[in-house]
Amino acid sequence: MSPTKRVPAPRLPRRSTLLLKDNWYVGAWSAELEPGATLARRICDQALVLFRTETGAVAALEDRCIHRGMPLSQGGECEGEIIRCPYHGLEFNAQGMCTKIPGQAQIPAAARVISFPVIERDAMIWVWVGAADRADPERVPSYPYHRDPAWVWTYDTLEVKAGWLLLTDNLLDLSHLQYVHRRTIGGDPLEDGRAQLSATRDGDRVFVARWLLDMAAPPFHKQMCGFAGNIDRWQEIEFRTGLIQFYSGATDANSGARQGRRDGGMHLRHLHCITPETETRTRYLFSVARNFRVDDAALTRRLQQLALATFREDQALLEVQQRRLAEDPNRALLDTCNDIGTVHARRIVAERVTEQGRRIEQTR
Amino acid sequence: MSPTKRVPAPRLPRRSTLLLKDNWYVGAWSAELEPGATLARRICDQALVLFRTETGAVAALEDRCIHRGMPLSQGGECEGEIIRCPYHGLEFNAQGMCTKIPGQAQIPAAARVISFPVIERDAMIWVWVGAADRADPERVPSYPYHRDPAWVWTYDTLEVKAGWLLLTDNLLDLSHLQYVHRRTIGGDPLEDGRAQLSATRDGDRVFVARWLLDMAAPPFHKQMCGFAGNIDRWQEIEFRTGLIQFYSGATDANSGARQGRRDGGMHLRHLHCITPETETRTRYLFSVARNFRVDDAALTRRLQQLALATFREDQALLEVQQRRLAEDPNRALLDTCNDIGTVHARRIVAERVTEQGRRIEQTR
Amino acid sequence: MSPTKRVPAPRLPRRSTLLLKDNWYVGAWSAELEPGATLARRICDQALVLFRTETGAVAALEDRCIHRGMPLSQGGECEGEIIRCPYHGLEFNAQGMCTKIPGQAQIPAAARVISFPVIERDAMIWVWVGAADRADPERVPSYPYHRDPAWVWTYDTLEVKAGWLLLTDNLLDLSHLQYVHRRTIGGDPLEDGRAQLSATRDGDRVFVARWLLDMAAPPFHKQMCGFAGNIDRWQEIEFRTGLIQFYSGATDANSGARQGRRDGGMHLRHLHCITPETETRTRYLFSVARNFRVDDAALTRRLQQLALATFREDQALLEVQQRRLAEDPNRALLDTCNDIGTVHARRIVAERVTEQGRRIEQTR
């Protein structure tokens with residue numbers, strides 16, 4: 001890329017801890033929530049209990065009984081279509097309505113726990129903790145690689161003691177690979193000097209592409225897909241708030257991948273769900289999907305372990321970074337040429353948080 | 001009880017963390033403090049060192065040396081009638097007067113540590129950390145079951161990371177038994193639908209009674225006292241700030257227990273001393289006394305273990321509840337019909353804390 | 001000393017936590033920093049990375065990369081004359097100038113990390129985190145016992161969770177020896193009643209002397225230097241901010257030590273470097289030097305272990321004291337006759353902190 005034109009420093013709030021409530025976030029993997037199970041979650045500082053009723057519906061209620069404030073998730077039982085408070089046995093349905101107060105015949109109409117919009121799609125449970133009237137189900141992203149039988153996928157979760165935007169920054173600036181992930185995936189020949197980097201914004205999304213053309217296939221690629229000669233490699237990243245899709249692939253060199261002919265070769269789809277728990281804590285749910293050697297269970301396990309080992313390297317680093325930034329959160333940072341995607345993403349978050357703040361002001 | 005008349009929501013401060021300093025609290029069991037021993041305690045956020053001198057007197061001093069602020073309890077030694085600071089050896093008597101400064105012949109008159117009123121009664125050490133001129137020894141409750149030879153008793157202590165009023169709430173609303181204590185005492189047939197509940201306030205005390213008449217004797221009761229047929233059961237609770245007395249008993253059904261004829265049968269006296277350490281931490285000292293099978297040491301142990309196991313179930317729950325309530329301490333809660341005692345108790349605490357605040361204002 | 005004249009309570013701020021940035025502090029022992037090594041340090045709340053380049057120069061930079069705030073010490077590598085950020089590989093030289101941004105040809109002139117004055121002298125690395133224009137190298141104290149071949153010395157470090165002035169107080173008032181160090185060095189016959197204590201201030205230094213004349217030699221002294229009869233003992237303490245020198249010695253009684261004739265006998269030089277990390281945490285680096293039995297390695301080890309055991313006794317106490325004082329930091333304390341050195345030292349700190357504050361005000 002051109003080294004002569006420096007990306008201007010964006011005029012955005014620098015705090016890494018902006019919470020955007022008006023957004024769909026992944027609260028859990030569907031598989032984490034069997035019928036009758038409950039889960040404690042926190043999204044944008046809202047304490048939640050998720051539970052799945054006998055008929056399979058998923059509910060998200062405030063995790064606080066109306067009677068004495070007890071978290072329903074701490075020993076509360078889901079039975080039939082209700083969840084029961086572990087303290088005095090009050091019961092609530094999936095809509096948060098109180099359906100039983102032991103020893104009391106009449107239940108006041110006001111006796112309800114706040115319920116939050118939930119959508120289960122593509123093996124993920126999406127929750128909305130913002131203004132209820134803005135929870136548009138159409139805005140829940142579709143992710144075909146979790147449902148398309150041509151693809152096999154695996155997943156895991158990390159709880160990271162760092163603000164969610166630090167995870168976003170991390171994933172949008174891949175120049176960290178060779179430093180942070182040297183011992184896992186990063187002995188990576190996508191060397192920064194050669195990589196062709198571009199970033200564009202489209203509405204509330206950012207697209208970053210990194211290309212390396214006509215390079216020797218690294219051992220990982222040879223082993224995966226048996227490349228014989230040189231390859232063309234790409235990493236395409238699609239950012240939206242709380243979600244980053246990552247398309248990493250390679251084909252034989254000069255077979256036209258960059259012009260759109262990407263048949264054959266290696267294709268990996270990484271999903272990164274970045275769910276802010278608090279200003280300084282993030283639930284990070286990630287999956288890896290592939291459409292080759294789909295019956296190779298050992299490979300599935302290996303990819304899962306590799307992803308986990310890699311993201312744990314990020315986690316260790318981000319938690320240290322978080323503590324340092326928290327000492328002086330408003331101090332300026334310096335963007336480099338590798339931050340062209342980061343800068344767009346930060347700007348989108350700042351815009352949406354500003355809008356959200358304006359709406360809250362108006363409804364007061 | 002009538003399900004049609006809901007208890008009105010009390011107009012009281014809802015914070016679970018009101019500290020009432022003008023009150024006698026149990027700081028320790030007498031048995032914890034041998035002559036020459038010291039104990040670190042905290043009551044209503046006042047750090048204390050308790051010690052018992054050679055002649056048996058118990059003293060409560062501020063746990064902070066006048067010289068360099070060292071806590072006297074942290075390695076300080078009680079010798080004869082004084083306690084010696086572990087740092088530079090200053091000595092203080094039970095009244096807090098400095099009696100020695102090593103290397104210095106004259107001791108300034110102002111050289112004294114604050115001392116607090118202490119009363120030892122019925123095997124408990126009561127301490128007053130409020131306004132000294134209000135420390136009326138007559139207000140220390142009498143508890144005959146700790147001194148009457150017809151009764152045998154056992155005791156224990158828990159340090160609970162929850163505000164003291166959450167413990168009060170817990171003990172005054174027994175509808176939690178069948179949910180929280182299902183695996184210990186709570187597989188209890190005092191089912192809420194059948195229990196007859198009443199609560200009255202008398203000055204600064206609240207009395208709650210729960211009756212279950214003509215019911216089958218549960219296994220515990222049969223085993224304890226050999227009931228053959230049905231029984232009448234009661235739980236009578238007497239609340240005052242910092243102390244809850246609990247009388248649990250049973251006689252043969254229809255033998256007139258509710259009318260006052262309670263001879264024979266089973267009688268258990270539980271004492272619950274609820275000593276606020278800070279706004280969010282409570283020292284919970286409890287005893288169980290009985291007047292049957294008084295020589296059965298195995299039974300004493302068993303009752304002690306059962307009480308401890310039961311209150312640990314409460315502890316786990318209350319600590320979770322405390323953290324949730326602390327996130328938004330002023331938010332409203334909903335009282336149920338089971339809170340008739342709780343509501344009285346909260347009102348008494350609110351009144352006394354308000355009075356205390358008014359007195360503090362006036363003396364400024 | 002005369003018990004009739006009480007030392008007046010000083011009119012100084014009582015907070016134990018005044019941070020004096022305009023001062024040279026020992027950040028590390030030279031031996032801790034091999035070429036190519038990095039160390040994380042904090043001095044007066046300034047996070048630092050120390051590193052030693054290939055050519056042996058020591059640098060102290062702010063421990064925060066300009067790009068994303070990552071601490072350079074957390075996995076950053078020192079290579080040649082630069083340190084490399086562990087996250088995206090930015091490089092900085094010993095002056096803090098950015099010398100490489102991977103993937104970017106031009107490096108903005110503003111791209112630099114703050115660097116701090118460093119001086120290596122007498123096996124210690126001294127750092128200045130205050131106003132750079134006031135960092136006078138001439139004010140770094142000289143300590144010959146670390147470089148004079150007639151002396152042998154050993155050292156260690158403790159991280160103490162207490163404010164730095166509590167350590168100063170501790171070392172200037174030795175009346176704590178017989179209480180705190182009873183089980184290590186303190187079965188000490190320098191009993192307070194007999195010790196002759198004096199303290200003088202000279203500019204920014206305080207000198208405290210404690211003499212005990214014509215006393216029986218304690219076992220430690222006999223074993224060390226084979227005293228046959230009575231001895232004269234002294235402890236001379238020189239305080240300056242952040243550094244306390246301690247000269248402990250003994251000669252045969254009546255051989256004129258107090259008049260200046262100190263040949264022969266036992267001579268120990270203790271250095272106490274007291275480096276404030278935060279208001280409530282201190283790095284405590286200490287050394288013990290002697291000029292007798294200099295080839296006795298077992299004795300060296302023994303003295304090192306004795307010093308460590310002794311200062312750990314202080315540490316335990318100071319950490320408890322810190323927590324108690326922090327509950328009410330502005331409350332008055334009572335000085336005793338043993339605080340004559342302490343009072344001078346506190347006044348010097350208060351004066352210098354006040355001056356520092358005035359300068360900061362003026363530059364605003």
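Residues numbered from 1 in each chain as written. Chains lettered and ligands numbered in written order. Predicted model: local features only at pLDDT ≥ 70, side-chain atom pairs only at ≥ 80, totals over all residues.

**Here we look at the confidence of the model for chain A**
Residue and element names in this part refer to chain A.
Turning to step 1, where the next piece is worked out: Residues of chain A with pLDDT of at least 70 account for 93%, and the chain-wide mean is 91.
Turning to step 2, where the next piece is worked out: Contacts of residues 1-17 to residues separated by more than four positions or lying in other chains number 38 contacts, the stretch itself having pLDDT below 50.
Turning to step 3, where the next piece is worked out: We note a pTM of 0.92 for the whole complex and an ipTM of 0.91 for its interfaces. (pLDDT = per-residue confidence, 0-100. Contact = placed C-beta atoms within 7 Å.)

**A word on the relation of the copies chain C and chain A**
Turning to step 1, where the next piece is worked out: Once chain C is rotated about the relating axis by 120 degrees and shifted along it by 0.0 Å, it coincides with chain A to within an RMSD of 0.0 Å. Within this description, the copies of the chain are treated as partners about a three-fold rotation axis. (Least-squares fit on C-alpha atoms with pLDDT ≥ 70 in both.)

**Considerations on the pairing of strand E10 (residues 118-121) of chain B**
All names here are of chain B.
Turning to step 1, where the next piece is worked out: Where E10 and strand E11 (residues 124-128) come together, 4 bridges link them in antiparallel fashion. Residue Val118 lies in a different strand from E11, and its bridge partner there is Val127.
Turning to step 2, where the next piece is worked out: Taken together, E10 and the strand that follows it, E11, pair antiparallel across an intervening segment of 2 residues, in which Asp122 is found at a positive phi of about 55 degrees. (Pairing = 2+ DSSP bridges. Helix = DSSP H or I, 4+ residues; strand = E, 2+ residues; numbered from the N terminus.)

**A short note on the interface of chain A and chain B**
Turning to step 1, where the next piece is worked out: Contact residues are listed per partner, giving 21 residues for chain A and 21 residues for chain B.
Turning to step 2, where the next piece is worked out: Grouping the amino acids of the side of chain A that touches chain B by side-chain chemistry returns 11 nonpolar, 8 polar and 2 charged. (Nonpolar A, V, L, I, M, F, W, Y, C, P; charged D, E, K, R; others polar.)

**A few points about helix H5 (residues 340-362) of chain A**
All names here are of chain A.
Turning to step 1, where the next piece is worked out: Look at H5: 34 Å from first C-alpha to last across 23 residues, which is about the 33 Å you get at 1.5 Å a residue.
Turning to step 2, where the next piece is worked out: For H5, the full list of buried residues reads Ile340, Gly341, Thr342, Val343, His344, Ala345, Arg346, Ile348, Val349 and Val353.
Turning to step 3, where the next piece is worked out: Tucked inside the fold, the buried residues of H5 contact helix H1 (164-172), strand E13 (196-202), strand E14 (205-215) and strand E15 (231-240). (Expected span 1.5 Å × (residues − 1). Buried ≥ 20, exposed ≤ 12 C-beta atoms within 10 Å, placed from the backbone.)

**Quick notes on the nonpolar core**
Turning to step 1, where the next piece is worked out: Ranked by internal contacts, the top residues of the largest apolar core, which has 256 residues, are A:Ile125, A:Val127, B:Ile125, B:Val127, C:Ile125 and C:Val127.
Turning to step 2, where the next piece is worked out: Apart from residues lying up to four places away in sequence, C:Ile125 is in contact with C:Val26, C:Gly27, C:Ala28, C:Ser30, C:Leu33, C:Leu50, C:Val58, C:Val118 and C:Glu120. (Core = buried A, V, L, I, M, F, W, Y, C linked by C-beta atoms within 7 Å.)

**Observations concerning the interface of chain C and chain A**
By a frequent convention, interface size equals the accessible area lost on bringing the separate parts together.
Turning to step 1, where the next piece is worked out: With 21 residues of chain C in contact, the opposing surface of chain A contributes 21 residues.
Turning to step 2, where the next piece is worked out: For the side of chain C that touches chain A, the residue count by class is 11 nonpolar, 8 polar and 2 charged.

**So, the sheet that holds E14(A)**
Residue and element names in this part refer to chain A.
Turning to step 1, where the next piece is worked out: Taken in spatial order, the 7 strands of this open sheet run E12-E18-E17-E16-E15-E14-E13, and their pairing is antiparallel. Across the chains shown, the open sheet's two edge strands, defined by having one partner strand only, are strand E12 (152-160) and E13. If you compare each strand with its neighbour and ignore which way they point, the axes differ by 15 degrees on average.
Turning to step 2, where the next piece is worked out: Of the pairings in the sheet, the one linking E12 to strand E18 (residues 281-290) comprises 9 bridges and is antiparallel in character. Directly across from Thr157, in E18, lies its bridge partner Leu285.
Turning to step 3, where the next piece is worked out: Sheet strands touched by H1: E12, E14, E15, strand E16 (243-252), strand E17 (266-278) and E18. Its angle to E17, the strand with the most contacts, is close to 160 degrees. (Axes fitted to C-alpha atoms, helices over the stretch in contact; angles between N-to-C directions.)

**Observations regarding the packing of H1(A) against H5(A)**
Residues and elements named next belong to chain A.
Turning to step 1, where the next piece is worked out: With their axes 9 Å apart at the nearest point, H1 and H5 run at an angle of 150 degrees to one another. By the angle between their axes, H1 is roughly antiparallel relative to H5. The chirality of how H1 crosses H5 is right-handed. Mapping the contact onto sequence places Leu165, Thr168, Asp169 and Leu172 in H1 and Gly341, Thr342, Ala345, Arg346 and Val349 in H5.
Turning to step 2, where the next piece is worked out: Among the residues forming the contact of H1 with H5, the class breakdown is 4 nonpolar, 3 polar and 2 charged. (Parallel < 35°, antiparallel > 145°, perpendicular 65-115°, else oblique. Left-handed = near helix turned anticlockwise from the far one by under 90°.)

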